[in-house]
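These are the residues of each chain, in order.
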Amino acid sequence: MKRYGLWKYLLILSVLCFGVIYSLPNLYAPDPAVQISYTSSSQTADTFLADKVKELIEKQNLEAKIELEKDYVLVRTNSYQNQLIIKDILSTAMINDVVIALNLAPTTPKWLMDIGANPMKLGLDLRGGVHFLMQVDTETAIKNRQDGTLQDLRRRFREEKIRYSQAGVESDASIYLKFNNPDVLQKAEEFISDNYSQFNFPLISDAMSLRLVLSDLEIEQIESDAIDQNLTTLRNRVNELGVSEPIVQRQGKKRIVVQLPGIQDTAEAKNILGKTATLEFHLEAQMDTPRSRKTSYPYRNGMGAPAFLQDAIILGGDQVATAQASFDENGLPQVNITLDGEGGSKMHRATRGNIGKRLGVLFVEQKTRTVYERDVEGKQIPVQESYEVKEIISLATIRAALGTTFRITGLDSPSESSELALLLRAGALAAPMTFVEERTVGPSLGADNIQAGIFSMILGLLLVLVFILFYYRVFGIAASLALTFNIVLLVAVMSILSATLTLPGIAGIVLTVGMAVDANVLIFSRIREELNKGREPLEAIDAGYNRAFLTIWDANVTTLIVAVILLSYGTGPVKGFAITLSIGIITSMFTAIMGTRAFVNLIYGSRKNLERISI
Amino acid sequence: MTFNIDFLAWRRIALIFSSVFLILSIGSWLFKDLNYGLDFTGGTLVELSYPDSANISEIRQTLVLGGFEGAQVANFGSSKEVLIKLPGTVSDSLGSEIVSLLSSSSLDQEIDLRRIEYVGPQIGSELRDDGGTAMLIALAFMMLYIAFRFQSMFAGAAVIALIHDVIVVIGIFSLIQIEFDLTVLAALLAVIGYSLNDTIVVSDRIRENLRSMESDSTHEIINTSLNQTLGRTLITSLTTLLVLFSLYFLGGELIKNFALALIFGVIVGTYSSIYIAANALIMMGLNKDHLRVEEPENADENLLP
């Protein structure tokens, strides 16, 4: 009989240890926790915040552990009820400067965390929360861009004295220009070629008209800018909601997924995701500006004394087409802003007479906060209230009349310029979005799902174990150990990949349990067959493993093909199922073939003159 | 377990049986269609949990008065749980509106929101198309793999068996009008994987016996192979069914139809690996010569553990 080398035992042993250690964190139930961080990103959580939280909680005589983490203060509680009570206490006492989020804090021991062992992530169907899928209307973004360009063209044609008789944006987002005279048309065509690069050249023209079609490259650029910008805006919004571990991700070409664990009030979440912040451009107020026509605003970053700006708005942030951080000739950071056509002409008119004065950029944001009002019975009830915040993000000297594109200089660092560009872009949604899918799972359903999933998994496993123990005796022990080991290994791999476990994922594990036995059944029935042919037991074991191997290999590879295709094509439940199925197929090959072989060899391998085996 | 059953004596009857079932399935699929779930139709779904038994007719009435005329209201799992469906709706706020309407109409009871789902119309048709594409791609890749590992006739036979299984399971879902949603689609793809597993095991034995057995009768060789693998086929199906029944009864309402699709799939898949795949091999005229030019058996031995 083929001997099993020491290295194989060592390999199996080390994989077993690895599996046990890395699946271990999943046994520690997470604490319901509340996490508190400062609203402004420049301020990190400190002992002052922690002490304040501690004081508030101690006043109520609630049991809780307070920890100071890197970015936030964590309050661990022992029940979901206390978690909600503490959240309410804290939000009543300190509303405006902190974000308070409900969280499930892992209780993984430190030595496990030090070696990178963390529990699996739970999907929304198991922990409760909201899943939104939003479609970005990129066509509107393209149309808006063309509208802006047309405005700009009109103005510049006027300056160049190019007379057109008709101009508009068609429904296919191309710009249509009609002229009275072929010479003018030619002049216009040359002017556009020289000054605009975003169109397909040569321009489509007939005797009297021009059609300006955006190049594919430009369209792609506008679309991806629009989605990036919406993603940024959404991330900012989600941070405002105070959710721990949110997911904001692009899905496919035009969609954005937002997942907010622990949130149940979809109406509130939608309201906040949909809201937009904006920019306003104002001239700085002069000494002689009357009080009634100027207002003082603070700086957004808290640096510098508040400054007075004129109340008249030059233009709003909805007219910023794009903003990009870059460097000027001297290598200093700047932000390049592109306005749409209308914005450009407004800006030009406002700045040409004010060279040498300063232009202020105001960040205007709609925020919502929870305030507590007393109802008729004197009970405190939370009420959502929205308010506007206006802060200066830039105040810079106008050096020349500004047009569609201009830059904001005088920034301290490249990180400041990219932050400003980001804020300018995040100021508004680049394109409207529609909610195309929404799934909310309440916390009670999530808890039920976990319980049902785990219970059915344990029962399924037990049934299978009892059956194979009864049917295969000693070999059944080998198969049972392999099966249990397989689940441990599967959980360990899922934890390391930080894959998300969902309810269909649990179903995938259960199915893996049923199917993983197949490999052992194949091997064992082969061994029985060989025994029936009159072979010696040890030879029969050898032959059984050898002959069954190829069958198992082919059968598993084909199933793996299905699983991988599910993984790449599927979304949501299909994907969750495919992840556990694929990992399960791979781990089961290892445990069912190598694992059982090692066990069988340990029991029978060293016995000479073995008469019969228990199979 | 050793068996000596003349499976192929029944092959004509099996063929007629399968044909009837296939026609029935396709007919039902065409004329009755599937009871598509929200994932595919688009619309709104709300699941609520009442502290005591929920009064379905009262809820229905409240909804009609509140302007939700087309709402389907039913118990879900237990008498306390209520499932409200508005298929085909295109507004993403109906779910929250229903929740607040019902909460305000039954102030004495605290209603627990279990879930709200909204699927937009474009998503529904997309999911259906993607599912179909995934299934076709899976079939194509598996055919390639089997043709590469075995021989093209085996690939053909396996795919015929798989298509048979998928159509019959869809047919059963259509006939008894069980809701067909995204998880059922995943189950259907898992059925492909499972059924293929079975077919490969049988094909593998047929291939081996074609090379090693003295007999020249393909009929006899296949019969022997089926008998040799029958024990394994039954045990694996049994263990898989054990866990599936545990999922069906204890896995919760959301997983029920998934488990059901797989239960049907395992039964049909076991049957098809015997009667459809093996039968197809005989009808395609497989004989010893088809495998004679293959590489020598021990070329594969290097892969052994």
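Being a predicted model, the structure only gives us computed values, none of them experimental.

Draft legend 1. Local environment of the UniProt feature "transmembrane region" (unreviewed entry) in chain B. Residues and elements named next belong to chain B. Feature annotation in UniProt places "transmembrane region" (unreviewed entry) on residues 12-31, 131-148, 155-176, 182-203, 234-252 and 258-282, given in this structure's numbering. Taken end to end, residues 12-31 is 100% helix and 0% strand, and its first and last C-alpha atoms sit 28 Å apart. The distance separating the terminal C-alpha atoms of residues 155-176 is 32 Å; by composition the span is 95% helix and 0% strand.

Draft legend 2. Representation of the sheet that holds strand E8 (residues 175-178) of chain A within the structure. All names here are of chain A. One open sheet holds the 4 strands; their spatial order is E7-E8-E10-E9, and the pairing between them is antiparallel. Each edge of the open sheet carries a strand with a single partner, namely strand E7 (166-169) and strand E9 (204-205). Across the sheet, helix H7 (residues 182-195) touches E8, E9 and strand E10 (209-212), and the angle it forms with E10 is around 20°.

Draft legend 3. Looking closely at the nonpolar core. Among the nonpolar cores identified, the biggest contains 144 residues, and Phe475(A) and Ile527(A) are the most heavily contacted of them. Counting 42 residues, the second-largest nonpolar core is a separate cluster that includes Ile175(A), Leu185(A), Leu234(A) and Ile256(A).

Draft legend 4. Highlighting the pattern of salt bridges. Under the criterion given, the structure shown has 30 salt bridges over all chains. Residues Arg145(A) and Glu218(A) are paired through a salt bridge, measuring 3.7 Å at the closest nitrogen-oxygen approach. With Arg145(A) in helix H6 (residues 138-160) and Glu218(A) in helix H8 (residues 216-241), this pair connects stretches of sequence that are 73 residues apart. For Arg358(A), the salt bridge identified is with Glu284(A), shortest N-O distance 3.0 Å. Pair noted here: Arg358(A) is in strand E19 (residues 358-374) and Glu284(A) is in the loop between strand E13 (278-283) and strand E14 (294-297), with a separation of 74 residues, a long-range link. The partly exposed category is assigned to Arg358(A), whose relative accessible area is 31%. Several salt bridges share partner residues, and in doing so they unite Glu437(A), Arg439(A), Asp448(A), Asp39(B), Glu47(B), Glu81(B), Arg114(B), Arg115(B) and Glu117(B) into one network.

Draft legend 5. Representation of the pairing of strand E4 (residues 98-105) of chain A. Residue and element names in this part refer to chain A. The element E4 is extensively covered by neighbouring structure, given that 6 of its 8 residues are classed as buried. With 8 bridges connecting them, strand E1 (residues 31-38) and E4 associate as antiparallel partners. From the neighbouring strand, Gln-35 faces E4, where its bridge partner is Ala-101.

Draft legend 6. Inspection of helix H8 (residues 218-250) of chain B at higher detail. Residue and element names in this part refer to chain B. Compared with the 48 Å implied by 1.5 Å per residue over 33 residues, the 45 Å span of H8 between its first and last C-alpha is a close match. At Thr-229, H8 shows its largest kink, close to 45°. Taken from the residues just after H8, Gly-252 is the one with a positive phi, measuring 95°.

Draft legend 7. Representation of a nonpolar patch on the surface. Residue and element names in this part refer to chain A. A contiguous nonpolar surface patch, about 240 Å² in accessible area, is contributed by Leu-13, Leu-16 and Val-20. When you line up the elements, Leu-16 lands in helix H1 (residues 6-23). Overall, the relative accessible area of 34% leaves Leu-16 in the partly exposed class.

Conventions we followed
Residues numbered from 1 in each chain as written. Chains lettered and ligands numbered in written order. Predicted model: local features only at pLDDT ≥ 70, side-chain atom pairs only at ≥ 80, totals over all residues. Heavy atoms only, no water. UniProt positions renumbered as here; feature names shortened; annotations may be inferred. Helix = DSSP H or I, 4+ residues; strand = E, 2+ residues; numbered from the N terminus. Pairing = 2+ DSSP bridges. Contact = heavy atoms within 4.5 Å. Axes fitted to C-alpha atoms, helices over the stretch in contact; angles between N-to-C directions. Core = buried A, V, L, I, M, F, W, Y, C linked by side-chain atoms within 4.5 Å. Buried < 20%, exposed > 50% of the residue type's maximum accessible area, 1.4 Å probe, protein only. Salt bridge = Lys/Arg side-chain N within 4 Å of Asp/Glu carboxyl O. Expected span 1.5 Å × (residues − 1). Bend = angle between axes of the 7 residues up to and from the residue. Patch = residues over 30% accessible without salt bridge, like charges linked within 9 Å, V, L, I, M, F, W, Y side chains within 5 Å. Areas by Shrake-Rupley, 256 points an atom, 1.4 Å probe, with all protein chains shown as cover.

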